[in-house]
Amino acid sequence: MSTHSLLQDSDRIRACVDPAAVAHNLAQMRKRLGPSPARIWATAKADAYGHGLAQVLAGLRQADGISVETLAEARQLRGLGWQGPILVHAGLLSRPEADTLDMPNLHLIISQVDQLEWLTQARPFAPPTVWLRYAGDTRMGGFDDVRYRRAYMRALSLLARKHIRCIGHLNHYAGAERTDGIQEADARFRHAIAGLEGPISCANSAAMLQHPSQAARTNWVRPGITLYGVSPLHGLTGLDLGLRPAMTLQARLADVQLLEAGASLGYSGAFVAPHTMTIGLVTCGYADGYPRHAQTGTPVAVAGRITRLLGRPSMNMLAIDLSDMQDARPGTPVTLWGKELPVETVALHAATIAAELLTALTARVPFTVLADVG
Ligand SMILES: *Cc1c(COP(=O)(O)O)cnc(C)c1O
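All values reported here derive from a predicted model rather than from experimental measurement. (Residues numbered from 1 in each chain as written. Predicted model: local features only at pLDDT ≥ 70, side-chain atom pairs only at ≥ 80, totals over all residues. Heavy atoms only, no water.)

Some thoughts on the layout of surface pockets
How we decide: Definitions used throughout: a 1 Å grid over protein atoms alone; a cavity as a set of points that fits a 1.4 Å probe which cannot get out; a pocket as an open set with protein on both sides within 12 Å along at least five of seven lines; a lining residue as one with an atom within 4 Å of a point. Grid points are joined across faces, edges and corners, and a volume is the space filled by probe spheres set on the points. Strands are runs of DSSP state E lasting at least two residues, helices are runs of H or I lasting at least four, and both sets are numbered from the N terminus onward. Throughout, the ten residues Ala, Val, Leu, Ile, Met, Phe, Trp, Tyr, Cys and Pro are labelled nonpolar, Asp, Glu, Lys and Arg are labelled charged, and all others, Gly among them, are labelled polar. The source of the domain bounds is an automatic or database domain assignment.
By volume, the largest pocket is sized at about 1100 Å³. Lining the largest pocket are 40 residues; nearest its centre among them are N204, I225, P232, I353 and A355. Going through the elements one at a time, α2 (45-49), α8 (205-210), α10 (343-349) and α11 (354-359) are the ones with two or more residues in the lining of the largest pocket. No other element matches the four residues that α10 contributes to the lining of the largest pocket. Taken together, the residues that form the lining of the largest pocket break down as 20 nonpolar, 14 polar and six charged. Domain assignment of the residues forming the lining of the largest pocket places at least three in each of domain 1 (20-230) and domain 2 (245-369).

Next up, the structure:
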């Protein structure tokens, strides 16, 4: 099987993103909600998980809202023409930022009470919706049980004075990928917000996949990683879940060499040839964002065939086994992850998760966007 090259003539490396894959994945995740009227915040923090917000926005058009990390990113998203709701994860970063809420349809996640105080002092504009974040079982920001009610009371007074438009309740689970991962966390959250009015937003990708009935009972769900075609569930790839990878990373063979039996490869000789073998040098290294911790055996695809990394990636180069691919020649495209090779599998060999790999590509990697979604 030969592979389509994504490389231009003078490329050593290139990432290709596919907005149509994102649109497909969004539709798949919506299907998982069944008849539930729950709306979807398409999570696009970290520049759409490293794909580039501008580059995948065409694939997110059917989302009910888009979430980003900062107000600056929200402004960028408006600049790209997105008119729908925007959820800002970081809420407000400073008091002066509260004077810059010159955007309709803005939703802020509020994680501490100073952010509410900043809103009371803000120059009035289009009042935002605030989502109070419950600390839950992640405790990475948000209010514990006692503080949650206090924050809600404070928010009610802002609502009365029309500083804000609505108050929502937001929770994020620490262990949604486990089948028993959210029952207790969900019960605590429901107890914390008992009797308080307002819409509820809970489920990330893993919660939507593993706990569909809980996800369907909330007003807004927040899938992220699945929209980019990646499985959050251990032992399954996006393809297994009916998703399509949204990014392919390709470099090329720079050289083909013989490595003599007993010869070592790279810094500190991380790999020693057990017998004479043919190896390839590939124009990709950790300075591009490829994980330096990837181990010998990490899969790599050459012209559609899977082979393996040898030794440790260096700054600009990595070595692969070409023993069974004698026909490979300098210039041949090499896929590091993407359509022929799930990024989840690569992550597993590098003792990390796919989201880290996708968001870690450096500015040295140019991008191509596949033709629009129609
Ligand atoms: C990142 C994030 C999500 C999306 O999580 P995925 O696991 O990528 O689906 C949802 N909610 C919050 C608060 C997040 O930070």
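Structural notes on the domain arrangement of the protein chain
Heads up, the condition is: Whether two residues are in contact is decided by their heavy atoms: any pair within 4.5 Å suffices. We define buried area as the total accessible area lost by two parts upon association, computed with a 1.4 Å probe and summed across both. Between N or O atoms, a polar contact is any pair within 3.5 Å; within protein, one atom must be a potential hydrogen donor and the other a potential acceptor, and residues adjacent in sequence are included only when both atoms are from side chains.
Here the protein chain is partitioned into domain 1 (20-230) and domain 2 (245-369). Each of domain 1 and domain 2 has a C-alpha centre, and the two are 37 Å apart. With eleven residues of domain 1 at the interface, the matching set in domain 2 holds twelve residues. Across the interface of domain 1 and domain 2, roughly 930 Å² is buried in total on both sides, 70% from carbon and sulfur atoms. In terms of surface lost to domain 2, no three residues of domain 1 exceed H51, Q55 and V230, which account for 49% of the buried area on that side. Linking domain 1 with domain 2 are one residue pair in polar contact (both at pLDDT 80 or more), by the criterion used here. Breaking the side of domain 1 that touches domain 2 down by element, the ones donating at least two residues are α1 (19-32) and α2. In the side of domain 1 that touches domain 2, the residues fall into seven nonpolar, four polar and no charged.

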